[in-house]
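These are the residues of each chain, in order.
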Amino acid sequence: MAELIPDDFHFQPIGWVRGGRVEATKDGWAGNRCTLALRADLFGPEALQGVAALSHLEVLFWFHIDADEAVATGARRPRGNPDWPSVGIFAQRGRMRHNRIGVSYCRVLSVEGLNVQVEDLDAVDGTPLLDLKPVWRETLPRGEIRQPDWASELMRNYY
C-alpha cells in the first residue's frame with residue numbers, strides 16, 4: 001500500500017554553491033570552478049568521506065534565480081528559437097519547471113572539511129543545494145542515448 005503523500009512538502013538546503021559564476025547564462029559553463037559548501041549545522045566532515053575518490057558528483061539544486069518567473073507546464077520552443085520544435089517541459093531542461101529542481105554532473109577536484117571543489121557545474125554562486133550523489137558507471141543510462149538534433153544544437157556551446 002502506498003503511503004499518503006502531502007500535496008506539498010518542503011526541502012531544506014544541505015548547503016550552497018560558493019564562488020564560480022555569478023550570472024546564470026545559457027552557455028559557456030565549461031571550466032566553471034566553485035565550491036559545494038555543506039551546512040555545518042547539519043553535517044560533519046564525515047558526510048563527505050569517500051567523495052575525493054570519485055571523479056564526478058551528481059548535484060541536485062534549486063533554480064533560485066528568477067524564482068518568480070512563470071512556470072511552464074506545456075510545450076514551448078526551447079530558448080524561444082523558431083527553428084526548434086515546440087516540445088513539452090519534460091522534453092527539455094529549462095529552469096521554469098514546476099519544482100525548479102536542477103540536476104547537473106560536475107568533476108570533483110578536491111574535498112576539504114565540508115567543502116567540495118568542483119568544475120563544470122552549471123549553477124551560480126548562492127545556489128541552494130538539495131543533494132549530492134556519486135556518479136557511478138552503473139548508475140548511468142545503459143545502451144545508446146537518443147536525442148533530437150535540436151538538443152545537440154542547443155547544447156553545442158553549453159560546456
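Right, let's walk through the structure included here. (Residues numbered from 1 in each chain as written. Predicted model: local features only at pLDDT ≥ 70, side-chain atom pairs only at ≥ 80, totals over all residues. Heavy atoms only, no water.)

## Considerations on the overall build of the chain
Broken down by element type, the chain carries one helix and eight strands. Traced from its N-terminal end to its C-terminal end, the chain shows the element sequence β-β-β-β-β-β-β-β-α. Oriented by its inertia axes, the alpha-carbon framework of the chain measures out at about 50 × 40 × 35 Å. Considering the chain as a whole, with its 159 residues, one finds that 35% of them fall into the buried category. (Helix = DSSP H or I, 4+ residues; strand = E, 2+ residues; numbered from the N terminus. Buried < 20%, exposed > 50% of the residue type's maximum accessible area, 1.4 Å probe, protein only.)

## Quick word on the state of the cysteines
As enumerated under the stated definition, the model contains zero disulfides in all. Unpaired in terms of disulfides, Cys 34 finds its nearest cysteine sulfur in Cys 106, a separation of 6.9 Å. Residue classification places Cys 34 among the buried positions, given a relative accessible area of 3%. With a relative accessible area of 1%, Cys 106 lands in the buried category. (Disulfide = S-S within 2.5 Å.)

## Considerations on the packing of aromatic side chains
Taken as a whole and assessed by the stated rule, the structure comprises two aromatic pairs. Centre to centre, the rings of Phe 61 and Phe 63 are 5.3 Å apart; their planes meet at 80°, and the pair counts as edge-to-face. Each of the two residues, Phe 61 as well as Phe 63, counts as buried. Ring centres of Trp 84 and Trp 150 lie 6.2 Å apart, and the angle between their planes is 40°; this geometry places the pair in the tilted category. (Phe/Tyr/Trp six-rings, centres within 6.5 Å; stacked < 30°, edge-to-face > 60°.)

## Thoughts on the sheet that holds strand S7 (residues 115–119)
Read around the closed barrel, the six strands follow the order S1-S2-S7-S6-S3-S8; overall the barrel is antiparallel. Strand-to-strand twist of the sheet, defined as the mean angle between neighbouring strand axes without regard to direction, takes the value 45°. Where strand S1 (residues 15–18) meets strand S8 (residues 128–134), two bridges bridge the pair, whose relative direction is antiparallel. Across the sheet, Trp 16 pairs through a bridge with Pro 128, a residue of S8. (Pairing = 2+ DSSP bridges. Axes fitted to C-alpha atoms, helices over the stretch in contact; angles between N-to-C directions.)

## Considerations on the environment of Gln 49
Within the fold, Gln 49 resides in the loop between strand S2 (33–38) and strand S3 (56–62). Each C-alpha atom, one on Gln 49 and one on Val 111, is 8.7 Å from the other, the two residues being 62 residues apart in sequence.

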